[in-house]
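# Working through the structure, step by step
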Protein chains: 2
Amino acid sequence: MSAPGRLRIVGLGPGGDAWITPEASHLIANATDLVGYAPYLERLPPKQGQTRHQSGNRVEMERARHALRLVEDGRHVALVSGGDPGVFAMAAAVFEAIEEGEPGWRDIDIAVSPGIPALQAAAARIGAPLGHDFCAISLSDNRKPWPLVEKRLAAAANADFVIALYNPASTARPGRIHDAFALLRSLKSASTPVVFARAVGRADEHLYIETLAGANPGLADMSTLIIVGSSETRIVRRRSGTPFVYTPRGVMVEQ
Amino acid sequence: MSAPGRLRIVGLGPGGDAWITPEASHLIANATDLVGYAPYLERLPPKQGQTRHQSGNRVEMERARHALRLVEDGRHVALVSGGDPGVFAMAAAVFEAIEEGEPGWRDIDIAVSPGIPALQAAAARIGAPLGHDFCAISLSDNRKPWPLVEKRLAAAANADFVIALYNPASTARPGRIHDAFALLRSLKSASTPVVFARAVGRADEHLYIETLAGANPGLADMSTLIIVGSSETRIVRRRSGTPFVYTPRGVMVEQ
């Protein structure tokens, strides 16, 4: 039997080396094997003696099991993920694979290293739109029924959360983002600030600020994260440059 | 008139230098002035020629205005915050101060540098409890009416979000966390996994996993973040060590 391996599930943040934590860099440098979706591995410089295992983006369970089998062979595996691995990303897939897989997988030396989530990076770029209670909803209905997405959107709108929408565009179901906006428009003020944050931290980063009534949901693609304000969210105009968008820390009551 | 100053609102992550991003380290090293709540400044090594401006934890607006005035004097200010500055922290206070303050403050060179949020660090430590739709609610009612907190808790429970509770303990109102648990217990299954994550990344870190029925909300203090699972959240027991807690990426429908 080989020496015990270990698995580290590592978040790289949403783009840009300046957001990769020292912990993540250390874990990647000390891994014998890197496993991940190809564009994430491409962000990391090659290293002598380190093996890379690339995969496509629709095979999370297969990738998780591949990483676990490498650990069984005594390898020190860094499974890399964009953003934070715990937010709509690889960490949950690994624990699903462990629960459904070999009994011995439960006792593997495994840890998750957090990364800057895309949501927080997008928020930082525009001001502080998440300054108060917020929620994050994936619009993908690959693995959940669409009525549940609608129920969560309505609950979040009615309870006046700031709402972050992950996975707003799907090649299989391009109409979902329009359905979601129609629902939000029926429940929230037309003047609610909306931010489209595309490819934050990458060379092709683009920010777009609009009102809920004025926003064109068709502009969202697979790299876009959408933030829909609460009733308190405000746009602060400047003489030049992008306005700030922020949500006050409190709801207006007596101060 | 002095050369223009600038303001960087910098997140240090929830504790531990290994989570401070290279961007944050760079901004701190290049600031002429550091402004922040004393325990955050104490995490940073002193630097020759750099001025520190410490303040208490209940004076966010005062601290924000102090930072803005330093920038008016041409200083390069890093305003430091624990975790992510955009999540229940300093960034929103700065934009509030800007909106209410001197007209010239709107045109200050200002940027937010995201940090690892306490929520994502806590989640990483325990597995992947945020693997699906989630929300974050502050239980502090300093700046919002308690009925709004209850409305959000109920909406989040009824729409089956994973729920993260910030600021669960208040010296002024220690009963609020008990009220919140009573409400969640009336709406959610008794067996729902609950995680208490205290001081994540610090020497006195402590994790506590229980069911919603079995958890003792009185154990939460000012350094505790609570994660309450959705109906899908699972506990994976191991032969030794802390169990994993994770929320599957999908809701069980046909795969």
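Rules used throughout
Residues numbered from 1 in each chain as written. Chains lettered and ligands numbered in written order. Predicted model: local features only at pLDDT ≥ 70, side-chain atom pairs only at ≥ 80, totals over all residues. Least-squares fit on C-alpha atoms with pLDDT ≥ 70 in both. Contact = placed C-beta atoms within 7 Å. Helix = DSSP H or I, 4+ residues; strand = E, 2+ residues; numbered from the N terminus. Nonpolar A, V, L, I, M, F, W, Y, C, P; charged D, E, K, R; others polar. Pairing = 2+ DSSP bridges. Axes fitted to C-alpha atoms, helices over the stretch in contact; angles between N-to-C directions. Domains from an automatic or database assignment.

## Let's talk about the relation of the copies chain B and chain A
In the superposition of chain B on chain A (RMSD 0.0 Å, axial shift 0.0 Å), the rotation amounts to 180°. Such a turn and shift between the copies fits a two-fold axis. Relative to the rotation axis, the closest C-alpha in chain B is found at Cys135 of chain B, a distance of 1.9 Å. Take the interface residues of chain B: 100% of them recur as interface residues in chain A, which is what a same-surface contact looks like.

## Thoughts on the interface of chain B and chain A
Counting residues at the interface gives 59 residues for chain B and 59 residues for chain A. Sort the elements by how many residues they give to the side of chain B that touches chain A and helix H4 (residues 90-100) of chain B lands first, with seven residues. By residue class, the composition of the side of chain B that touches chain A is 33 nonpolar, 10 polar and 16 charged. Both strand E7 (residues 134-138) of chain A and strand E7 (residues 134-138) of chain B contribute to a ladder of three bridges, which runs antiparallel. Along E7 of chain B, the bridge assignment pairs Ala136 of chain A with Phe134 of chain B.

## Overview of the sheet that holds strand E11 (residues 224-228) of chain A
Working definition: the strands of a sheet are paired by backbone hydrogen bonds and lie parallel or antiparallel to each other. Within the open sheet, the 10 strands sit side by side as E10(A)-E9(A)-E11(A)-E8(A)-E7(A)-E7(B)-E8(B)-E11(B)-E9(B)-E10(B). Their pairing is mixed. Looking at which strands have only one partner, the edges of the open sheet turn out to be strand E10 (206-211) of chain A together with strand E10 (206-211) of chain B. Neighbouring strand axes in the sheet, compared pairwise and without regard to direction, differ in orientation by 15° on average. Both E7 of chain B and strand E8 (residues 162-166) of chain B contribute to a ladder of five bridges, which runs parallel.

## Examining the domain arrangement of chain A
All names here are of chain A. Taken as a whole, chain A is organised into domain 1 (6-116) and domain 2 (119-246). For domain 1 and domain 2, the distance between their C-alpha centroids amounts to 28 Å. Taken together, the contacts link eight residues of domain 1 with 10 residues of domain 2. Here the residues of the side of domain 1 that touches domain 2 are counted per class, giving five nonpolar, three polar and no charged.

## Things to note about the sheet that holds strand E13 (residues 244-246) of chain A
Residue and element names in this part refer to chain A. Read from one edge of the open sheet, three strands run E6-E13-E12, paired in mixed fashion. Taken across any chain shown, the strands that pair with only one partner, and hence form the sheet edges, are strand E6 (127-128) and strand E12 (234-236). The pairing of E12 with E13 spans three bridges and is classified as antiparallel. Its bridge partner being in E13, Ile235 is matched across the sheet by Val245.

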